[in-house]
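If you want the building blocks of each chain, they are given just below.
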Amino acid sequence: MKAGRIATALEGASTRRFGFSRFSGLWLMVGLVMLVLAASVVSLGTGAVGLSPERVLRVLWLEVTGAHDMASAGDRLVVIGIRLPRTLLGLLVGGALAVSGALMQGLFRNPLADPGLAGVSSGAALAAALVIVAGQPVGAFLAAVAPASTIGASAWIGGGAPFALLPIAAFGGGLLVTLLLYSLSTRNGETRVATLLLAGVAVGALTGAITGLLSYLSNDRQLRDLTFWSLGSLGGTTWDRLATVTPAILPVFIAVPFLARGLNALALGEAEAFHLGIAVQRVKRAALFLVAVAVGAAVATSGVIGFVGLVVPHLLRLLHGADHRTLLPASALLGGALLLGADCLARTIVAPAELPIGILTAALGAPFFLWLLLTRSRDLSI
């Protein structure tokens, strides 16, 4: 009951501070579900072959009922075979990044916190760069064991390493850096958030420098692969690729609501949360682990996509408040819709080519970040 009253107070204070009319949690969730559905239909119809919403919905209806016909065979190939896995991956990745941002901001009690500050993105990027640039020996060994005809020429990246190693390495790199930061910031069983934040900045700078060195040492093909991956993209998504990330991200969506009460109490401070009966260290460890899993899986499959975790949770705080019981699931929905919108723009701005989606999210997030600094400079203490 105390945690519920805390959440209600936080919700009212946040919305009154900015003069926004408070949206009830129910209506906010209904609106976000409708936004996700609309964004999904638009995403399924956007591309080199444009499809109207009516044609998209007809293909989906025929797929559900199993009543296929020759007239819709071409549309079915485009919608189901090519665009549907890309759309679902966009929803998963956008939701994972946004939920991770909400967790980090609640943990740090700072609206400028971003999943990248935990070192997950930089660690994943470094591991992926190692696979792309230094994967030639691994590729040569696997090529000797399994001929190219059994693996497929398109399964190789950077002229040497198999593509399947990229998500595995990126996921492992993100987890490894997160565990390192956690050990550096934990003393006598207590995790110091400020130390974790500063260590994340330092480790991020170090991994970025190593990634830059690998870029300098790479050849033209490796540099092209590394650059495109580092800017983020949902291109080339297949059902197999979607199947690799879904088991990692879906459990995060299921687990994060159980942290809502603890994050609401942490907004008052760690001592106050402890006196309210919250296992503070357990909440910290769980939040960091979920961020590592979600962001590591997202970066592994789609590359580095920034600012989603910063923009989405803060927008929802302006609309509804700081109650994590609503903020966490709402972040998953709005993050997915936002990334789908950015992906649609990426496919159309320079058509028939495709713009890296990370460029668009940075173009949106950087001005928002500056606005946040200018308008909330008094509330940004760590």
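See the structure printed just above.
The structure reproduced in this document is the subject of the present report. Predicted model only: the values in this text are computed from it and were never measured.

**Some points on the overall build of the protein chain**
- The helix and strand inventory of the protein chain stands at 17 helices and 4 strands.
- Counting over 382 residues, the protein chain shows a buried share of 49%.
- Partitioning the intrachain contacts of the protein chain with sequence separation of at least 6 by distance along the chain shows that 78% fall at a separation of at least 24.
- About 17600 Å² of surface is accessible on the protein chain, with carbon and sulfur atoms providing 71% of the total.

**Details of helix H4 (residues 73-108)**
- When the terminal C-alpha atoms of H4 are compared, their 51 Å separation across 36 residues agrees well with the 52 Å that a helix rising 1.5 Å per residue should span.
- Burial of H4 is extensive: 28 of the 36 residues sit out of reach of the surface.
- Downstream of H4 by one or two residues, Arg109 has phi in the positive range, about 55°.

**Describing a nonpolar patch on the surface**
- A contiguous nonpolar patch, built from Leu26, Trp27, Val30 and Met34 and spanning about 490 Å² of accessible area, is present on the exposed surface.
- Following the sequence through the fold, Leu26 ends up in helix H2 (residues 25-45).

**Section: the pattern of salt bridges**
- Applying the stated criterion across every chain, the model contains 7 salt bridges.
- With a closest N to O distance of 2.8 Å, Asp75 and Arg55 form a salt bridge. In this pair, Asp75 sits in helix H4 while Arg55 sits in helix H3 (residues 53-65), placing the two residues 20 residues apart along the sequence.
- A relative accessible area of 37% means that Arg55 is categorised as partly exposed.
- Across the salt bridge formed by Arg325 and Asp323, the nearest N and O atoms sit 2.8 Å from each other.
- Given the relative accessible area of 4%, Asp323 is considered buried.
- Through salt bridges that share partners, Arg86, Asp343, Arg347 and Glu354 make up one connected network.

**Some points on the environment of Ala169**
- By the secondary structure assignment, Ala169 is in helix H8 (residues 165-185).
- Between the alpha carbons of Ala169 and Val131 there is a distance of 7.1 Å; along the sequence they are 38 residues apart.
- Those residues in contact with Ala169 that sit more than four places away from it in its chain are Ala127 and Val131.

**Description of the packing of H8 against helix H14 (residues 280-302)**
- Interaxial distance between H8 and H14 falls to 8 Å at its minimum, and their mutual angle equals 155°. As the angle between them shows, H8 and H14 are arranged roughly antiparallel. Helix-helix and strand crossings are classified by hand; for H8 and H14 the assignment is right-handed. For the pair H8 and H14, contact is made by Pro167, Ala170, Phe171, Leu175, Thr178 and Tyr182 and by Arg285, Leu288, Ala292, Val293, Gly296, Ala297 and Ala300, respectively.

**Structural notes on unusual backbone geometry**
- Positive phi is not limited to glycine here, since Phe307 has a value of about 75°.
- Along the polypeptide, Phe307 turns up in the loop between H14 and helix H15 (308-319).

**Concerning helix H16 (residues 324-348)**
- Taking 1.5 Å per residue, 25 residues should reach 36 Å; H16 reaches 35 Å between its end C-alpha atoms and fits that length.
- At Ala330, H16 is deflected by roughly 25°, the largest bend along its length.
- Across the 25 residues that make up H16, a large majority, 18, are buried.

**Considerations on the side chain of Asp323**
- Assignment of secondary structure puts Asp323 in the loop between H15 and H16.
- Among the polar contacts made by the side chain of Asp323, one reaches the side chain of Arg325 at a distance of 2.8 Å.

**Concerning the nonpolar core**
- With 77 residues, the main nonpolar core has Leu103 and Leu316 as its most contacted residues.
- Residue contributions to this core peak at 14 residues, all from H14.
- What Leu316 contacts, discounting residues up to four positions off in sequence, is Leu28, Leu32, Gly321, Leu327, Ala330, Ser331 and Leu334.

Conventions we followed
- Residues numbered from 1 in each chain as written.
- Predicted model: local features only at pLDDT ≥ 70, side-chain atom pairs only at ≥ 80, totals over all residues.
- Heavy atoms only, no water.
- Helix = DSSP H or I, 4+ residues; strand = E, 2+ residues; numbered from the N terminus.
- Buried < 20%, exposed > 50% of the residue type's maximum accessible area, 1.4 Å probe, protein only.
- Contact = heavy atoms within 4.5 Å.
- Areas by Shrake-Rupley, 256 points an atom, 1.4 Å probe, with all protein chains shown as cover.
- Expected span 1.5 Å × (residues − 1).
- Patch = residues over 30% accessible without salt bridge, like charges linked within 9 Å, V, L, I, M, F, W, Y side chains within 5 Å.
- Salt bridge = Lys/Arg side-chain N within 4 Å of Asp/Glu carboxyl O.
- Axes fitted to C-alpha atoms, helices over the stretch in contact; angles between N-to-C directions.
- Parallel < 35°, antiparallel > 145°, perpendicular 65-115°, else oblique.
- Left-handed = near helix turned anticlockwise from the far one by under 90°.
- Bend = angle between axes of the 7 residues up to and from the residue.
- Polar contact = N/O pair within 3.5 Å; in protein donor to acceptor, adjacent residues only side chain to side chain.
- Core = buried A, V, L, I, M, F, W, Y, C linked by side-chain atoms within 4.5 Å.

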